[in-house]
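Close look at the chain arrangement
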Amino acid sequence: MLKLRIITALCLVPLVLAAIFLLPLPFFALFATGVFLLAGREWGRFIDTQKANVVMVSLALVLIGLMAMVPIEQIWAAGLHGGIALVLYGGAAWWLVSLALVLAYPRSAAFWRDHLWLKALFALFSLIPFFWALLVLRSYQYEQNPYFGAWLLLFVMSLVWAADTGAYFVGKAFGRHKLCPRVSPGKTIEGMLGGVAAASVLALVVTRAMALPLAESLVLLLASVVAVFASVLGDLVESMFKREAGMKDSGQILPGHGGIMDRIDSLTAALPVFIVIVHLLGRG
């Protein structure tokens, strides 16, 4: 299984990097749409295995409506205003709600377990902000430098990858206290803190290398740390919904890794939260 995971990762990473750096923004949006649709179908399986396609189509219609309001070519000019800001701030607020659901699980499941429309709403709040966060980060300062946003997006994704790696090794070596045993028995508090430390070191190295002013560095560091904590929550939320659905993996599209949601669960929380924190503190 480990060999299969490594082979899949070696194929997946170049594909993701090529999409981020080589695709013009409209084509990157198509790539992000494909990821969104696959993730939406897997989310539909959390809700009802018989209605997964219905959920995916419904999410796609909402996405099309939002994209009609702000055309792709206008994203970098629009900035974080109007409908885009509403979507991202709404997504960040959803993760506060989801934190309460995770902490209260399994008691909280009685609130939403039998309501398909409510679980569909959870999917909406998880995936729509994630999609827009991808585009907002990729399009940042696009007119000045088409690659600046690509590096920014890669930075936030790397924070999550560093946190996952740090959490794995620290958790294996020192993990003693369970983080949220009713949702994900394998995660430990020590592992989470190790992941946050690893991501913080990465953020510190990047800010020093960019020689940013102190105020901007502090905003970036704080946003990075908060985003990493959010990424842990994103992972736990997906685990909670999979547990309720009786599923080990969200899908089988990625050999050795499971489904698309199993790979992006942390990013669905980290990306919009990172943008909102930077916007709130830096007004950027």
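Here the structure is shown first, and the text comes after it.
My aim in this report is to walk through the structure given alongside it, one point at a time. Please read these numbers as outputs of a predicted model, since none were measured by experiment.

**A few points about the overall build of the chain**
- Counting its regular elements, the chain contains 11 helices and two strands.
- Ordering the α and β elements of the chain from the N terminus gives α-α-α-α-α-α-α-α-β-β-α-α-α.
- Whereas a compact globule of 284 residues would reach a radius of gyration of roughly 19 Å, the chain reaches 18 Å, a difference of no more than 12%.
- Taken across its 284 residues, the chain has 48% of its residues classed as buried.

**Focus: the pattern of salt bridges**
- In this structure the tally under the stated criterion is four salt bridges.
- One salt bridge in this structure joins Lys187 and Asp235, with 3.3 Å as the shortest N-O distance. With a gap of 48 residues between them, Lys187 in strand β2 (residues 184–188) and Asp235 in helix α10 (residues 214–245) connect regions that are remote in the sequence.
- One salt bridge in this structure joins Asp262 and Lys242, with 2.9 Å as the shortest N-O distance. Highlighted residues: Asp262 in helix α11 (residues 260–282) and Lys242 in helix α10, separated in sequence by 20 residues. Accessibility classification places Asp262 together with Lys242 in one group, the buried group.
- Where salt bridges share partners, they join Glu238, Lys242 and Asp262 into one cluster.

**Description of α10**
- Between the first and last C-alpha of α10 there are 47 Å, a value that for 32 residues agrees with the 46 Å anticipated at 1.5 Å per step.
- Looking one or two residues past α10, Gly246 carries a phi angle of roughly 70 degrees, positive in sign.

**A closer look at the pairing of β2**
- One ladder, built from two bridges, connects strand β1 (residues 178–180) with β2; its direction is antiparallel. In the sheet register, Cys180 faces β2, and the bridge partner there is Ser184.
- Between β1 and β2, which pair antiparallel in sequence order, lie three residues.

**So, the side chain of Ser266**
- Checked against the element boundaries, Ser266 lands in helix α11.
- Among the polar contacts listed, one links the side chain of Ser266 to the backbone oxygen of Ser231, at a separation of 3.2 Å.
- Leave out the neighbours within four places in its chain, and Ser266 touches Val160, Asp164, Ser231, Gly234 and Asp235.

**Concerning the environment of Gly34**
- Note on placement: Gly34 falls in helix α2 (residues 25–47).
- Looking at Gly34, the relative accessible area reads 29%, which means it is partly exposed.
- Remark: the alpha-carbon pair of Gly34 and Ile275, spanning 241 residues in sequence, is separated by 22 Å.

**Concerning the environment of Ile6**
- Note that Ile6 resides in helix α1 (residues 2–22).
- For the pair Ile6 and Asn53, spaced 47 residues apart in sequence, the C-alpha to C-alpha distance is 30 Å.

**Regarding the packing of aromatic side chains**
- Within the structure shown, the criterion is met by 14 aromatic pairs.
- Where Tyr140 meets Phe148, the ring centres are 5.7 Å apart and the plane angle is 40 degrees; that geometry is what we call tilted.
- Three or more aromatic residues link up through ring pairs in this structure, and these residues are Trp43, Phe46, Trp94, Trp95, Trp112, Phe122 and Phe241.

**Describing the side chain of Ser98**
- Tracing the chain through its elements places Ser98 in helix α5 (residues 82–104).
- Using a relative accessible area of 0% as the deciding quantity, one classes Ser98 as buried.

**Here's the deal with the nonpolar core**
- Of all hydrophobic cores here, the largest spans 83 residues; its most connected members are Trp43, Trp132, Leu271 and Phe274.
- When residues in this core are grouped by element, the largest group, 13 residues, is from helix α7 (residues 116–138).

**Notes on empty space enclosed by the protein**
- What the rule picks out here adds up to two cavities of 30 Å³ or more.
- In this structure, the largest cavity encloses a volume near 50 Å³.
- Secondary-structure elements contributing two or more residues to the lining of the largest cavity are α10 and α11.
- Residue composition of the lining of the largest cavity, grouped by class: four nonpolar, three polar and two charged.

**So, the packing of α2 against α10**
- Where α2 contacts α10, the two axes come as close as 8 Å, and the packing angle between them is 50 degrees. The angle between α2 and α10 places the two elements in the oblique class. Here Trp43, Arg45 and Phe46 of α2 come into contact with α10, specifically with Glu238, Phe241, Lys242 and Ala245.
- The residue inventory of the contact of α2 with α10, partitioned by class, reads four nonpolar, no polar and three charged.

**Let's talk about the packing of α10 against α11**
- Here α10 crosses α11 at 145 degrees, and the two axes come no closer than 7 Å. The way α10 lies across α11 gives a crossing that is right-handed.
- When its residues are assigned to classes, the contact of α10 with α11 shows 15 nonpolar, five polar and five charged.

Reading the values: the criteria
- Residues numbered from 1 in each chain as written.
- Predicted model: local features only at pLDDT ≥ 70, side-chain atom pairs only at ≥ 80, totals over all residues.
- Heavy atoms only, no water.
- Helix = DSSP H or I, 4+ residues; strand = E, 2+ residues; numbered from the N terminus.
- Rg over C-alpha atoms; globule rule 2.2 N^0.38 Å.
- Buried < 20%, exposed > 50% of the residue type's maximum accessible area, 1.4 Å probe, protein only.
- Salt bridge = Lys/Arg side-chain N within 4 Å of Asp/Glu carboxyl O.
- Expected span 1.5 Å × (residues − 1).
- Pairing = 2+ DSSP bridges.
- Polar contact = N/O pair within 3.5 Å; in protein donor to acceptor, adjacent residues only side chain to side chain.
- Contact = heavy atoms within 4.5 Å.
- Phe/Tyr/Trp six-rings, centres within 6.5 Å; stacked < 30°, edge-to-face > 60°.
- Core = buried A, V, L, I, M, F, W, Y, C linked by side-chain atoms within 4.5 Å.
- 1 Å grid on protein atoms, 1.4 Å probe; cavity = no way out; pocket = protein on both sides within 12 Å on 5 of 7 lines; lining within 4 Å.
- Points joined across faces, edges and corners; volume = space filled by probe spheres on them.
- Nonpolar A, V, L, I, M, F, W, Y, C, P; charged D, E, K, R; others polar.
- Axes fitted to C-alpha atoms, helices over the stretch in contact; angles between N-to-C directions.
- Parallel < 35°, antiparallel > 145°, perpendicular 65-115°, else oblique.
- Left-handed = near helix turned anticlockwise from the far one by under 90°.

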